[in-house]
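Residue strings, one per chain:
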Amino acid sequence: MADYPSELKYTKDHEWARVEGDKVTVGITAFAGESLGDVVYVELPEVGAEVKAGQPFGVVESTKAVSELFSPVSGKVVERNDAVIDSPETVNNDPYAAGWMIRVELSNPDELASLLDASAYGKFVEEQG
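Quick caveat: nothing in here was measured; it's all calculated off a predicted structure.

Draft legend 1. Geometry of the sheet that holds strand β5 (residues 50–51). If you walk across this open sheet you meet the six strands as β1-β2-β3-β9-β8-β5, and the pairing is antiparallel. What marks the edges here is a single partner per strand, and that holds for β1 (9–10) and β5. As paired elements, β5 and strand β8 (residues 75–80) share two bridges and run antiparallel to each other. Note that in β8 the partner of Glu 50 across the bridge is Lys 76.

And the structure:
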């Protein structure tokens, strides 16, 4: 089983969420990056855009596929990582640090309860096998 950072929360769409007070940093998991192959293009929303839990907020394009990105939480985008737009391979190379996508100011903290912890996400990925 792959190792998923225990301090993060996860979705079944293979996004991760790092909760820092009322802000949530969002990215895609290493599993998602491996499944996609080499990421060649990333499209992210502008700062100030509203995102909704479970709804698309952007696109990742790889050598194999184009995939929508789904927000794990609802709120307002307060920061986006332009570095992954300029260097999309960062999503593959460092998915949990430099490869983050957006930071969201959380509007509904109750949504965090529906996210998976690292252990549950690991089991989910194994079952997808």
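Draft legend 2. Structural context of the nonpolar core. If you look at the biggest cluster of nonpolar residues, it comprises 23 residues, and the most contacted ones within it are Leu 44, Phe 57, Met 101 and Ile 102. Those elements that provide at least two residues to this core are β3 (23–28), α1 (30–36), β4 (39–43), β6 (56–62) and β9 (102–106). Ignoring sequence-local partners within four residues, the contact set of Met 101 consists of Val 26, Gly 27, Ile 28, Val 42, Leu 44, Phe 57, Val 60, Leu 69, Arg 80, Asn 81, Val 84 and Val 91. Judged by nonpolar contacts, the second largest core, of 11 residues, contains Leu 8, Ala 118, Phe 124 and Val 125.

Draft legend 3. Structural detail: the pattern of salt bridges. Scanning all chains against the criterion turns up five salt bridges. Taking the shortest distance from any N to any O, the salt bridge between Lys 23 and Asp 22 comes out at 3.4 Å. Assessed through its relative accessible area of 41%, Asp 22 is described here as partly exposed. For Lys 23, the salt bridge identified is with Glu 105, shortest N-O distance 3.9 Å.

Draft legend 4. Structural context of the environment of Tyr 121. One can find Tyr 121 in helix α4 (residues 118–128). On the accessibility criterion, Tyr 121 (0% relative accessible area) is buried. Sequence separation of Tyr 121 and Trp 16 is 105 residues, and the distance between their C-alpha atoms is 9.8 Å. Leaving out residues up to four positions away in the same chain, Tyr 121 has contacts with Tyr 4, Tyr 10, Thr 11, His 14, Thr 29, Phe 31 and Leu 116. Within the structure, the side chain of Tyr 121 is placed 2.9 Å from the side chain of Thr 29, a separation counted as a polar contact.

What counts, and where the lines are drawn
- Residues numbered from 1 in each chain as written.
- Predicted model: local features only at pLDDT ≥ 70, side-chain atom pairs only at ≥ 80, totals over all residues.
- Heavy atoms only, no water.
- Pairing = 2+ DSSP bridges.
- Helix = DSSP H or I, 4+ residues; strand = E, 2+ residues; numbered from the N terminus.
- Core = buried A, V, L, I, M, F, W, Y, C linked by side-chain atoms within 4.5 Å.
- Buried < 20%, exposed > 50% of the residue type's maximum accessible area, 1.4 Å probe, protein only.
- Contact = heavy atoms within 4.5 Å.
- Salt bridge = Lys/Arg side-chain N within 4 Å of Asp/Glu carboxyl O.
- Polar contact = N/O pair within 3.5 Å; in protein donor to acceptor, adjacent residues only side chain to side chain.

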